[in-house]
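This is what each chain is made of:
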Amino acid sequence: MTAPQNPADLAAARLTDVAEATGRLLRTLAALEPAAVSGPSALPGWTRGHVLAHVARNADSLVNLLDGARTGTDVPQYASDEARDLGIEQGAPRPLDVQADDVRDSHAGFAAAAALLPAEAWAASVRHRSGYLFPAHDIPWKRLMELEYHHVDLAAGYSPADWPESFATAEFRRLAARLAGADAAAGAGASGDLPTALPAALLVAGDTGDRARIGSADGEARLSVEGPVRTLTAWLSGRSDGDGLLVREDGVPLADGRAALPPLPPLG
């Protein structure tokens, strides 16, 4: 099936994915014990409450960008970095049922704001909180990323193995492209957090047939990293240390492949 290319159609397809991902997150929350919300997440220094407060406030921030696309104005995603951090800290201690209601209600607000956009507004440019411009039709995908990655970060039973293949494949391609070629080796990029000497590695997703090269564009890639696309994406996104990947050097399988994997920048 051919993916939609029209900005409005692309946004509509991604909004469906967002709704489904939100439903999966809410089902995870419904199965949690109330006390679990104050337990540690997979993110250093954050409880599950921190993760959930961030997920909800992110939806609100993307409403700002949707409103900006609809009205043709430059609406900041967050009032400030300090306001963003404060919203997370203030929301983190809330009981689980309040957190779940907030995730549900913030999704409803996001979906309502998206429904107000006329077709042409999805082609508008909006400004990410870090300053770069991107097309409005990518807002639903950014929301989907927040939901899928942070659902894993909750450490509540949802893992990269549960990601839809379409999400894992698209993210594999995006993250590998971000780390490809001389730009990655030189530390270039909008975020400025790419490593200064990322060695070349060939990535092979055996289940989807996807292949990508990351790191230096010079010479042959001595390392190859093979595995299911979800496992590769988990490593590329910092949600795994590479467990389950087959790593070869000069064609020879390594006994401890994880130790040979190059360090990667944070997803951001």
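Reading the values: rules and limits
- Residues numbered from 1 in each chain as written.
- Predicted model: local features only at pLDDT ≥ 70, side-chain atom pairs only at ≥ 80, totals over all residues.
- Heavy atoms only, no water.
- Core = buried A, V, L, I, M, F, W, Y, C linked by side-chain atoms within 4.5 Å.
- Buried < 20%, exposed > 50% of the residue type's maximum accessible area, 1.4 Å probe, protein only.
- Contact = heavy atoms within 4.5 Å.
- Phe/Tyr/Trp six-rings, centres within 6.5 Å; stacked < 30°, edge-to-face > 60°.
- Lys NZ or Arg CZ within 6 Å of the ring centre and 35° of its normal.
- Axes fitted to C-alpha atoms, helices over the stretch in contact; angles between N-to-C directions.
- Helix = DSSP H or I, 4+ residues; strand = E, 2+ residues; numbered from the N terminus.
- Parallel < 35°, antiparallel > 145°, perpendicular 65-115°, else oblique.
- Left-handed = near helix turned anticlockwise from the far one by under 90°.
- Nonpolar A, V, L, I, M, F, W, Y, C, P; charged D, E, K, R; others polar.
- Salt bridge = Lys/Arg side-chain N within 4 Å of Asp/Glu carboxyl O.
- Pairing = 2+ DSSP bridges.
- pLDDT = per-residue confidence, 0-100.

Trainee: Honestly, the nonpolar core in this entry has me stumped. Any pointers?
Mentor: Within soluble globular proteins, side chains that are nonpolar tend to cluster in buried spots. In this structure, Leu 29 and Ile 139 are the most contacted members of the largest nonpolar core, which totals 65 residues. Non-local contacts of Leu 29, meaning those with residues more than four positions away in its chain, are made with Leu 52, Leu 96, Ala 100, Val 103 and Leu 154.

Trainee: Honestly, the packing of aromatic side chains in this entry has me stumped. Any pointers?
Mentor: When we look at a pair of aromatic rings, we describe it by the centre distance and by the angle of the planes. The final tally for this structure, using the stated rule, is five aromatic pairs. Plain terms: the ring middles of Tyr 132 and Phe 134 are 5.9 Å apart, the flat faces sit at 50° to each other, and that makes the pair tilted. Since its relative accessible area comes to 5%, Phe 134 is described here as buried. Over the face of the ring belonging to Tyr 78 we find Arg 84, whose NZ or CZ atom lies 5.8 Å from the ring centre. One residue, Lys 142, lies across the ring of Phe 134, its end atom 4.7 Å from the ring centre.

Trainee: What is the right way to read the packing of helix α2 (residues 48-71) against helix α4 (residues 96-115) from this model?
Mentor: In helix packing, the relevant descriptors are the interaxial angle and the interaxial distance, both defined with respect to the helix axes. One can describe the packing of α2 onto α4 by two numbers: an axis separation of 9 Å at closest approach and a directional angle of 15°. Between α2 and α4, the angle is such that the two are roughly parallel. Judged by the twist between their axes, the crossing of α2 over α4 is left-handed. Facing Gly 49, Leu 52, Ala 53, Ala 56, Arg 57, Ala 59, Asp 60, Leu 62, Val 63, Leu 66 and Asp 67 of α2, the residues of α4 in contact are Leu 96, Gln 99, Asp 102, Val 103, Ser 106, Gly 109, Phe 110, Ala 113 and Ala 114. Its residues assigned to classes, the contact of α2 with α4 comprises twelve nonpolar, four polar and four charged.

Trainee: Explain the pattern of salt bridges here, please?
Mentor: Working definition: two side chains of opposite charge can pair if their charged atoms are close together. Summed over the entire model, instances satisfying the criterion amount to 18 salt bridges. Asp 67 is the partner of Arg 70 in a salt bridge, and the nearest nitrogen-oxygen pair spans 3.5 Å. Taken as a pair, Arg 70 and Asp 67 lie in helix α2 at a separation of three residues, close to a single helical turn. You can call Arg 70 partly exposed: its relative accessible area is 37%. Ionic pairing is found between Asp 250 and Arg 222, a salt bridge with its closest N-O pair at 2.7 Å. Pair noted here: Asp 250 is in the loop between β6 (246-249) and β7 (252-253) and Arg 222 is in the loop between β4 (211-214) and β5 (223-227), with a separation of 28 residues, a long-range link. When salt bridges that share partners are traced, they join Arg 57, Asp 60, Arg 94 and Asp 102 into one network.

Trainee: Explain the pairing of β4 to me, please; I cannot follow it from the model alone.
Mentor: Working note: regular strand, side chains alternate between the two faces of the sheet. In β4, alternate side chains face the same way, and those of Ala 212 and Ile 214 are buried while those of Arg 211 and Arg 213 on the opposite face are not. Of the strand pairs in this sheet, strand β3 (residues 201-205) and β4 are connected by four bridges, and their pairing is antiparallel. Pairing of Leu 203 across the sheet is with Ala 212, part of β4. Following β3, the chain reverses through five residues before pairing antiparallel with β4; Gly 209 in that reversal takes a positive phi of roughly 80°.

Trainee: Sorry, what's going on with the pairing of β3 here?
Mentor: Counting buried positions along β3 gives four out of five residues, so the element sits mostly inside the fold. Looking at chain direction, β3 and β5 are connected through five bridges and run parallel. Looking at the pairing, Leu 203 lines up with Val 225 of β5.

Trainee: Looking at this structure, I do not really get the confidence of the model for the protein chain. What am I missing?
Mentor: Any residue range with low pLDDT should be treated as having predicted coordinates unsuitable for detailed reading. Across the protein chain, the average pLDDT comes to 93, with 93% of residues at 70 or higher. Residue range residues 182-195 is modelled with pLDDT below 50. Its contacts to residues more than four positions away, or to other chains, number 26 contacts.

Trainee: Sorry if this is basic, but what is going on with the environment of Ala 13 here?
Mentor: Considering the arrangement of structural elements, one finds Ala 13 in helix α1 (residues 7-31). Between the C-alpha atom of Ala 13 and that of Pro 140, which follows or precedes it by 127 residues, the distance is 9.0 Å.

Trainee: Which parts of the structure should I look at to understand unusual backbone geometry?
Mentor: If a residue is not glycine, its phi is most likely negative; likewise, a peptide bond is most likely trans. Even without a glycine there, the phi angle at Ala 155 is positive, about 55°. Relative to the assigned elements, Ala 155 resides in the loop between α5 (139-153) and α6 (165-178). For Asp 250, which is not a glycine, the phi torsion comes out positive at approximately 55°. Note on Asp 250: relative accessible area 49%, which makes it partly exposed.

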